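One letter stands for each residue in the lines below.
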Amino acid sequence: MGRPSRRAVVAAGLFSIIGVATADARGVMQFDAVMPGTIVIQNSTRTLTLHLGNGRTIRYPIAIGRGGRAWTGRTVIANMVVNPTWQPPAVVRRDMPHLPRLVPPGPRNPLGTRALVLAKDEIAIHGTNQPGSIGRAASYGCIRMHNRDVEDLFARVTIGTPVIVVN
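Residues numbered from 1 in each chain as written. Predicted model: local features only at pLDDT ≥ 70, side-chain atom pairs only at ≥ 80, totals over all residues. Heavy atoms only, no water.

**Section: the overall build of the protein**
Spelled out, the test is: Under the scheme used here, helices are H or I runs from DSSP no shorter than 4 residues and strands are E runs no shorter than 2 residues, and both carry numbers assigned from the N terminus. The cut-offs for exposure are 20% and 50% of the maximum accessible area for each residue type, with area from a 1.4 Å probe on protein chains only; residues under the lower value are buried, those over the upper are exposed, and the others partly exposed. Whether two residues are in contact is decided by their heavy atoms: any pair within 4.5 Å suffices. All accessibility values rest on the Shrake-Rupley procedure with a 1.4 Å probe; residue burial counts only the protein chains present in the view.
Helix and strand counts for the protein stand at three helices and eleven strands. Its helices and strands in sequence order give the protein the pattern α-β-β-β-β-β-β-α-β-β-β-β-α-β, from N to C terminus. Counting across all 167 residues of the protein, residues that qualify as buried make up 46%. Within the protein, counting contacts between residues at least 6 apart in sequence, those at least 24 apart form 60% of the total. Taken as a whole, the protein presents about 8,600 Å² of accessible surface, with 52% of it coming from carbon and sulfur.

The following block contains the structure:
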């Protein structure tokens, strides 16, 4: 296991990295100095890390906002939805007026099988019907995950879980 670059540590800004995993697979990692139960999203590495406690984490690959829509800051999970219905936000409908007002659960739904709605401007951590977008800057600001990963994360968190997003 190699030592992380200084840039990776500085980009994280919140913890020191002890283990390294590939960005294309879920893995259990070793981290220090973040409160257990906290989700940390790193835009630069396109990863979401759930801190389990005792220095252990689970790391998932994600897609982030594209073209200036990636964001940083702190928030919490405000709602959790199984098989969500998608109502495209106004900014998405403005860019894609052909979209329906509502997309029911199912294979055409861009939210995938689960949505963790954040207390921030119509933003969610959710599954996807576009798994090829994971690892890219591809969304309007939401955090996309593989459906199997968002289902795993969904089972591990609750409403009120802290979410920290760093570059």
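**Regarding the pattern of salt bridges**
Side-chain pairing between opposite charges can occur once the charged atoms of the two side chains come close. Let me state the cut-off plainly: For this document, the term salt bridge refers to a Lys or Arg side-chain nitrogen within 4 Å of an Asp or Glu carboxyl oxygen.
Taken as a whole and judged by the stated rule, the model has five salt bridges. With a closest N to O distance of 2.9 Å, Arg-156 and Asp-152 form a salt bridge. Here the residue Arg-156 and the residue Asp-152 both occupy positions in helix α3 (residues 147-156), the gap between them amounting to four residues, near one helical turn. With a relative accessible area of 17%, Asp-152 lands in the buried category. One network of salt bridges, in which partners are shared, links Arg-69, Arg-94 and Asp-95.

**Some remarks on the environment of Ile-143**
By the element assignment, Ile-143 lies in strand β10 (residues 143-144). Taking relative accessible area as the criterion, Ile-143 reaches 2% and is therefore assigned buried. Residues Ile-143 and Gly-65 lie 78 residues apart in sequence; the distance between their C-alpha atoms is 7.2 Å. Ignoring any residue separated from it by four or fewer positions in sequence, one finds Ile-143 in contact with Ile-41, Leu-48, Ile-62, Ala-63, Ile-64, Ala-124, Ile-125 and His-126.

No statement about biological role is implied by the geometric values presented.
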